[in-house]
Every structure is written in C-alpha cells, then in structure tokens.
Amino acid sequence: MSTQREQRKAQMTAAAARRTEPDARPPGRTAIRSKPVRITLDLSPELYRQLTTWADSAAVRLDVPRVSLADAVRAMIRVAADNPDEVLDRLRRDRDQ
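Values in this document were obtained by computation on a predicted structure and should not be read as measured data. (Residues numbered from 1 in each chain as written. Predicted model: local features only at pLDDT ≥ 70, side-chain atom pairs only at ≥ 80, totals over all residues. Heavy atoms only, no water.)

Draft legend 1. Inspection of the packing of helix α2 (residues 45-62) against helix α3 (residues 69-82) at higher detail. It is at 10 Å that the axes of α2 and α3 come closest, and there the two elements cross at 95 degrees. By the angle class used here, α2 and α3 are roughly perpendicular. Between α2, through Tyr-48, Leu-51, Thr-52, Trp-54 and Ala-55, and α3, the contact on the second element is made entirely by Leu-69, Ala-72, Val-73 and Met-76. Of the residues assigned to the contact of α2 with α3, the class counts are eight nonpolar, one polar and no charged. (Axes fitted to C-alpha atoms, helices over the stretch in contact; angles between N-to-C directions. Helix = DSSP H or I, 4+ residues; strand = E, 2+ residues; numbered from the N terminus. Parallel < 35°, antiparallel > 145°, perpendicular 65-115°, else oblique. Contact = heavy atoms within 4.5 Å. Nonpolar A, V, L, I, M, F, W, Y, C, P; charged D, E, K, R; others polar.)

Written as structure tokens, this is what we have:
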C-alpha cells in the first residue's frame, strides 16, 4: 500500500512524462493558492509598542472593543499596496539610517 506522498509523486512523474511526448498538451495553469499564508515578524520593543498603541487608538476611533494586531497589519499592507511610493520612501529613509 503506497502513501499519499508516493501517489502524488507518481502522478507528478506521469504528468511530466506526458509533457515530453510529441503533440502533448501544454502544461496546465498553476493552481491559485487558497490557504492563507502565515508569516512571522520580529519587532523591536519600541516598534511593538507603537503598533499596540496604534491598534488601541484605532479601536477607540472605530468604537470597537479591540483591533487585533493581525487586523491592523493586514490593513497596513492594503494601504501600502495602494500607496507604494510612500512605503518605498520610508524604506529608503530607514535603510539610510
């Protein structure tokens, strides 16, 4: 009895072999990832304090009990994606220090 890993390897090997045959169909499109991607971020104590202070003040302004740090960082990433020049300027300044 073969494991799932062995079965998957055999499927991939067979698919690769089919692509080398004459008149083979082009390879399929890569699947779009549907699972969230987890990242780990180390912050200095000062940067962590700034983030938690910002999240606490955001909760007050939004009139909600709490804004999670994960939600805050997600929102910041979206803003950075919409305004990349500002983020690039900040990255340049941080690297010059």
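Draft legend 2. Inspection of α2 at higher detail. Over its 18 residues, α2 extends 25 Å from the first C-alpha to the last, a length consistent with the 26 Å expected when each residue adds 1.5 Å. Every buried residue belonging to α2 is among Leu-51, Ala-55, Ala-58 and Ala-59, and all of these are buried. What you see down the axis of α2 is that its buried residues fit within an arc of 105 degrees, all on one side. Residues of α2 that are exposed and angled more than 90 degrees away from the buried face: Pro-45, Thr-53, Asp-56, Val-60 and Arg-61. Buried-residue contacts for α2 involve α3. (Expected span 1.5 Å × (residues − 1). Buried < 20%, exposed > 50% of the residue type's maximum accessible area, 1.4 Å probe, protein only. Arc of directions from axis to C-beta.)

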